[in-house]
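# Structural features, examined
Take a look at the letters that make up each chain.
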Amino acid sequence: MPTGPKAAGPTESEAPAGRDLVGAVLKACTLLGHFSADRPVWTLNDLTTASGMNKTTVFRLMATLVEAGWVDRTGEGAYRVAMPVFEIGSAALAKLDIRSAAKPFMSELATAFGNTAYLMVPAEQGAVCIDLLEGRNSLVVAGINVGSVMPYHAAAGPTVMLAHSKALQDRWIAEELPSITDRTITDVERLAEHLAEIREAGYSLSNSDYLPGVAAVAAPILGRDGSVVASISVGGRAEEFEGEALAAKIERVCDAGARITRIVQALPRG
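Right, let's walk through the structure included here. (Residues numbered from 1 in each chain as written. Predicted model: local features only at pLDDT ≥ 70, side-chain atom pairs only at ≥ 80, totals over all residues. Heavy atoms only, no water.)

### Details of the overall build of the protein
What the protein contains, in helices and strands, is ten helices and nine strands. In the protein, which comprises 270 residues, the share counted as buried stands at 40%. The long-range fraction of contacts in the protein, counting pairs at least 24 apart against all pairs at least 6 apart in sequence, stands at 55%. A total accessible area of about 15100 Å² is found for the protein, and carbon and sulfur atoms account for 54% of it. (Helix = DSSP H or I, 4+ residues; strand = E, 2+ residues; numbered from the N terminus. Buried < 20%, exposed > 50% of the residue type's maximum accessible area, 1.4 Å probe, protein only. Contact = heavy atoms within 4.5 Å. Areas by Shrake-Rupley, 256 points an atom, 1.4 Å probe, with all protein chains shown as cover.)

Quick look at the structure:
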C-alpha cells in the first residue's frame, strides 16, 4: 500500500544543536583553554583538578592531542601547547581588532546580566562609544549610542580610562568640571581621590552621575606599554547593581577586561 510522502527532516540550520556536538571535542577544548601565558605548562594531576574531569578521561584526551600534534610532552612528562596552536592563533590575530576582540565578551556580559555592554576608547574630546550590545533591559540607557562622546569625569567607562591615564588626567582635569547630574563629581580633589580608588580596585563603579537612575561597572583594557586603550562595561538600572548581583558583575567585567587586555597585547604591531 503506498504511503504518503515522508515529512521533511530538519535542515542543517534547524537541527538541534546538541545532536551536532561531539562531547569529547568539547572536553578537549576545555582542557586546551586552561593553557595561557601565565600557565603554559600543566601536569596531568593539575589538569584533572582544574577541569573537574576524571583522570583517565584527561589522560586519554591529552594523549589524543599529543598524537594530533596540538600538545607536546615536556621532559618531566607535563603538557604544553605545540606550534600549530600558535600558528592558528597568529593567523586569527592578524585579522583581529579591538572591536572584534571584545565582541564575544560583550555578548557574554549582555546575555548573563540582561544589561547593555559597552566598548569605549579614549579620544581628545572625550570617551567614545565604539560598540554596544543591548541586553534585555537596554531602554533605560538609550542615551548612550555608538558614536556618543562622553566626558571623562562621569560614568564608569570613561572614568576607568581616566584613572589609568596620566596623559588624560593632565589634559582633562580642570578647576571647573561640568555637573551632568547632581551626583557628578566636579571637585578636583574628590575626583583625584576617586580615580585613585579606581586604580586600586581595578574597576570603576558609577551610579546616576551621568544618567539618573543608571549604574555601571567598567574595567580597563591596556596595551603592551600599560597605557589604556579602551574600557569594557555593563550598564543598567541602578537597582540591578546591588549586593550579590553587583559582585557578580564586577567579577565578570574585570575578567573580561583582563582577557581582552591579553588579546590586545598579543595583536601584531602596526
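### Considerations on the nonpolar core
By size, the foremost hydrophobic cluster in this structure holds 28 residues, and its most contacted members are Leu109, Ile221 and Ile232. Those elements that provide at least two residues to this core are helix H6 (98–113), strand E4 (116–123), strand E5 (126–133), strand E8 (214–222), strand E9 (228–237) and helix H10 (243–266). Top element by residues in this core is H6. It accounts for seven residues. Grouped together as the second largest cluster of nonpolar side chains are 25 residues, Ala127, Ala154, Val160 and Leu195 included. (Core = buried A, V, L, I, M, F, W, Y, C linked by side-chain atoms within 4.5 Å.)

### Focus: the pairing of E4
Along E4, seven of the eight residues are buried, which leaves the element largely enclosed by surrounding structure. Pairing between E4 and E9: five bridges, direction antiparallel. Residue pairing for E9: Met120 is matched across the bridge by Ser231. Bridging between E4 and E5 involves seven bridges; their strand directions are antiparallel. Bridged to Ala123 within E5 is Gly126. Where E4 folds back on E5, the antiparallel hairpin that results is connected by two residues. (Pairing = 2+ DSSP bridges.)

### Comments concerning the sheet that holds E4
If you walk across this open sheet you meet the six strands as E6-E5-E4-E9-E8-E7, and the pairing is antiparallel. Among the strands making up the open sheet, the edge pair consists of strand E6 (149–150) and strand E7 (204–207). Relative to E6, E5 is paired through two bridges, and the arrangement is antiparallel. Residue pairing in the sheet places Val128 in a bridge with Val149 of E6. Packed on one face of the sheet, helix H7 (residues 156–163) meets E4, E5, E6, E7, E8 and E9 and runs near 35° to E8. (Axes fitted to C-alpha atoms, helices over the stretch in contact; angles between N-to-C directions.)

### Focus on the packing of H6 against H10
Taken N-terminus to C-terminus, the directions of H6 and H10 make an angle of 165°; their axes are 10 Å apart at the nearest point. The orientation of H6 relative to H10 falls into the category roughly antiparallel. For the pair H6 and H10, the crossing hand works out as right-handed. Contacts between H6 and H10 involve Ile98, Ala101, Ala102, Phe105, Glu108, Leu109, Ala112 and Phe113 from the former and Ala248, Lys249, Arg252, Val253, Ala256, Arg259, Ile260, Ile263 and Val264 from the latter. For the contact of H6 with H10, the class distribution of residues is 13 nonpolar, no polar and four charged. (Parallel < 35°, antiparallel > 145°, perpendicular 65-115°, else oblique. Left-handed = near helix turned anticlockwise from the far one by under 90°. Nonpolar A, V, L, I, M, F, W, Y, C, P; charged D, E, K, R; others polar.)

### Comments concerning the pairing of E9
Counted residue by residue, E9 has eight buried out of ten residues, so it is predominantly covered. Direction of pairing for E8 relative to E9: antiparallel, over a ladder of nine bridges. Each residue of the ladder has a partner; that of Ala218, found in E9, is Ser233.

### Brief notes about the pattern of salt bridges
The tally for this structure, following the rule as stated, stands at five salt bridges. We note a salt bridge from Asp170 to Lys166, for which the minimum N-O separation is 2.8 Å. Of the two residues, Asp170 and Lys166 are both situated in helix H8 (residues 166–172); the distance of four residues between them amounts to about one turn of the helix. We classify Asp170 as exposed; its relative accessible area is 53%. Given the relative accessible area of 55%, Lys166 is considered exposed. Glu240 serves as the salt-bridge partner of Arg237, at 4.0 Å between the closest nitrogen and oxygen. (Salt bridge = Lys/Arg side-chain N within 4 Å of Asp/Glu carboxyl O.)

### Remarks on the packing of helix H3 (residues 44–51) against helix H4 (residues 55–68)
Look at H3 against H4: their axes get within 9 Å of each other, and the N-to-C directions meet at 115°. Where H3 crosses over H4, the handedness of that crossing is right-handed. Here Leu44, Asn45, Leu47, Thr48 and Ser51 of H3 lie close against H4, whose contacting residues are Lys55, Val58, Phe59 and Met62. Residues belonging to the contact of H3 with H4 are distributed by class as follows: five nonpolar, three polar and one charged.

Interpretation note: all reported values are geometric properties and have no functional meaning in isolation.
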